[in-house]
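Examining the three-dimensional arrangement
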Amino acid sequence: MTDNDYDQFVIGGGSGGVRASRIAASHGARVAVAEEFRIGGTCVIRGCVPKKLLVYGSHFAEELHDASHYGWSVTGMTFDWNVLRDTVLRDVDRLEAAYTVTLDNNKVDHFKERAEVAGPNTVTLASGRDITAKYILIATGGWPVMPHFEGNEHCITSNEVFHLPSLPKRVVVQGAGYIAMEFAGIFNALGCHVIVVNRSETLLRGYDEALRDRLLQITMARGIEYKFNCPIKRVEKLADDSLMVTVGDQDPFPADVVLVATGRRPKTDGLGLESAGIALGKNGEVPVDDFSKTSCDSIYAVGDVTDRVQLTPIAIREGHAVADTLFGGNPRSTAYDCIPSAVFSQPPLASVGLTEGQARNAHGNIKVFTSDFRPMKNVFASRQERGLYKLVVDAGTDRILGIHMIGPDAPEILQAAAIAVQAKLTKADFDATVALHPSMAEELVLMR
Ligand code: NDP
């Protein structure tokens with residue numbers, strides 16, 4: 001081991017890379033990580049964390065709107081985008097510092113520069129230095145895809161959206177996936193006019209159809225416009241810096257910001273993996289086996305760069321498993337069959353396990369229980385929006401195969417309910433659980 005500069009060299013200081021570094025070091029390995037941008041990666045720097053803070057910030061609009069029904073008189077209400085933006089960015093700085101301290105505390109060396117693979121056991125830093133390691137871990141994450149259309153240089157992605165110099169009046173969002181629906185909700189709540197354009201007529205592909213329909217209905221009632229089956233053809237910049245957007249054969253319409261959220265692809269350009277005999281997959285991903293090992297025995301890869309499941313907790317699990325496998329004497333892989341997920345749209349939706357369609361295909365005979373209800377806080381505030389919860393159950397074994405929810409706090413509730421799906425509990429177990437009244441979550445144990 002001592003022939004190399006390090007036991008493990010990690011390229012990429014995001015969720016997967018930092019976890020793998022910290023755990024490997026705790027097992028006694030000599031570890032270094034190289035990060036060309038900022039320690040923390042997409043999730044902390046320009047993804048989950050700042051996004052969630054913007055969701056919180058924008059959600060006050062709903063609370064303030066409903067407050068009068070609860071006796072509060074809110075006058076002179078104003079919103080300052082610069083305050084929210086700067087506070088969020090400061091929190092990102094704080095978290096980056098905390099991640100860096102974690103590396104230091106675990107005696108992980110970190111290089112603030114790009115590193116590329118130069119062979120099975122060698123990386124080359126941007127400054128020109130070669131470093132050798134027994135193992136190399138690729139954790140470079142993903143990067144937003146920008147489709148080709150005329151004027152796409154006038155558009156922004158989720159990389160830039162956290163830095164907008166002012167709150168736009170008119171926002172066009174291209175795509176109808178996670179990022180699109182979350183930012184459509186944020187901008188709509190902050191009072192912007194939002195148009196979502198998508199190449200198909202499906203939003204949030206993969207989520208339960210009834211939940212998606214509910215989200216569409218509620219967000220349209222909240223003022224979001226949708227243009228389906230028409231991706232952007234052209235974006236033109238006018239003399240006053242505003243934009244004109246053309247989709248399909250329709251007349252152009254104006255916008256101040258066009259946010260493109262059409263997926264993320266693995267960040268492997270120029271990474272040098274061919275020098276270790278590793279061929280990239282068709283999306284540019286690093287192909288790996290169940291233990292995150294590439295076709296080269298000394299090189300592993302975790303997180304979005306492997307294009308398995310693009311979620312932070314999965315990258316963290318994969319990174320942890322690699323460290324345990326290589327340095328902890330505990331070879332283990334990551335399970336992908338029961339992953340809870342949420343879209344922080346407004347209202348949010350959350351899901352774990354099989355959708356009704358997937359369950360029918362996999363298990364044949366299933367039962368579906370639904371609760372379509374108006375949350376008490378909405379009734380009181382004369383808000384018409386209804387929540388929808390769904391339990392998908394194997395009719396033969398009574399096992400819960402999936403839980404799908406849309407409504408206030410759905411992700412918070414679902415995280416606890418996901419334990420039941422992971423533990424293979426049955427509908428009878430839910431029925432036997434006493435309701436916690438009054439709550440929205442009690443709907444989960446009251447479906448008959
Ligand atoms: P998604 O895969 O969620 O959605 C992509 C959207 O863009 C879809 O509506 C898709 O349309 C459309 N699209 C794809 N390719 C093109 C193209 N070439 N031209 C036009 N439209 C296109 O991607 P996101 O960018 O929203 O997010 C990336 C990933 O990040 C997610 O998959 C998720 O794993 C992760 N993420 C998770 C979050 C969370 O957990 N809350 C939050 C944000 C991101 P169609 O479906 O019609 O094909």
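The structure reproduced in this document is the subject of the present report.

Reading guide: rules and limits
Residues numbered from 1 in each chain as written. Predicted model: local features only at pLDDT ≥ 70, side-chain atom pairs only at ≥ 80, totals over all residues. Heavy atoms only, no water. Helix = DSSP H or I, 4+ residues; strand = E, 2+ residues; numbered from the N terminus. Rg over C-alpha atoms; globule rule 2.2 N^0.38 Å. Buried < 20%, exposed > 50% of the residue type's maximum accessible area, 1.4 Å probe, protein only. Contact = heavy atoms within 4.5 Å. Areas by Shrake-Rupley, 256 points an atom, 1.4 Å probe, with all protein chains shown as cover. Lys, Arg positive; Asp, Glu negative; His and termini not counted. Charge placed at Lys NZ, Arg CZ, Asp CG, Glu CD. Axes fitted to C-alpha atoms, helices over the stretch in contact; angles between N-to-C directions. Left-handed = near helix turned anticlockwise from the far one by under 90°. Nonpolar A, V, L, I, M, F, W, Y, C, P; charged D, E, K, R; others polar. Polar contact = N/O pair within 3.5 Å; in protein donor to acceptor, adjacent residues only side chain to side chain. Near = heavy atom within 4 Å. Pairing = 2+ DSSP bridges.

Regarding the overall build of the protein
- Along the backbone of the protein there are 11 helices and 21 strands.
- Against the globule reference of 22 Å for 448 residues, the protein gives a C-alpha radius of gyration of 24 Å, in line with a compact fold.
- With the C-alpha coordinates of the protein rotated into their principal frame, the extents come out at 70 × 65 × 45 Å.
- Looking at the 448 residues of the protein, the share that counts as buried comes to 51%.
- Taking as baseline every contact in the protein between residues at least 6 positions apart, the subset at least 24 positions apart corresponds to 63%.
- With an accessible surface of roughly 20,600 Å², the protein has 52% of that area assigned to carbon and sulfur atoms.
- The averaged location of the 55 negative side-chain charges in the protein is 3 Å from the averaged location of its 45 positive side-chain charges.

Focus: the packing of helix H3 (residues 48-66) against helix H5 (residues 178-189)
- The contact between H3 and H5 brings their axes to 8 Å, and the two run at 35°. H5 is crossed by H3, and the crossing has left-handed handedness. Taken together, the residues of H5 that come into contact with H3 (itself represented by Lys-51, Leu-54, Val-55, Ser-58 and Ala-61) are Glu-182, Phe-183, Ile-186 and Ala-189.
- A breakdown of the residues in the contact of H3 with H5 according to their chemical character gives six nonpolar, one polar and two charged.

Observations regarding the side chain of Ser-58
- Of note, Ser-58 is situated in helix H3.
- Reaching out from Ser-58, the side chain makes a polar contact with the backbone oxygen of Val-55 at a distance of 3.0 Å.
- In this view, Ser-58 contacts Ile-186, Ala-189, Leu-190 and Gln-346; residues no more than four positions away in its chain are not counted.

Things to note about the site of the ligand
- For the ligand, the set of nearby residues contains 20 residues, the closest of which are Ala-176, Ile-179, Ser-200, Gln-310 and Ala-342.
- In this structure, an oxygen atom belonging to the ligand sits 3.1 Å away from a main-chain N or O atom of Tyr-178.
- The side chain of Glu-182 places a nitrogen or oxygen atom 3.0 Å from a nitrogen atom of the ligand.
- Protein contacts shield 78% of the accessible area of the ligand, which totals 910 Å² for the unbound molecule.
- Split into classes, the residues belonging to the shell around the ligand amount to eight nonpolar, seven polar and five charged.

What about unusual backbone geometry?
- In this model, Gln-346 is joined to Pro-347 through a cis peptide bond whose omega is 5°.
- Structurally, Pro-347 can be placed in the loop between strand S17 (341-343) and strand S18 (349-353).
- The peptide bond linking His-437 to Pro-438 adopts the cis configuration, its omega dihedral lying at -5°.
- For Pro-438, the location among the structural elements is in the segment after helix H11 (427-432).
- A positive phi angle, close to 55°, is found at Asp-307, a residue other than glycine.
- Mapped onto the elements of the fold, Asp-307 is located in the loop between strand S16 (299-301) and helix H7 (312-327).
- Among the residues examined, Asp-307 registers a relative accessible area of 27% and is labelled partly exposed.
- Despite not being glycine, Asp-398 has its phi angle at roughly 75°, a positive value.

Observations concerning the pairing of S18
- With four of its five residues buried, S18 lies for the most part within the structure.
- As judged from the three bridges shared by S17 and S18, these two strands associate in the antiparallel manner. Counterpart to Ser-341 in the pairing with S18 is Ser-351.
- Here S17 folds back onto S18, and the loop between the two strands holds five residues.

By themselves these figures say nothing about function.
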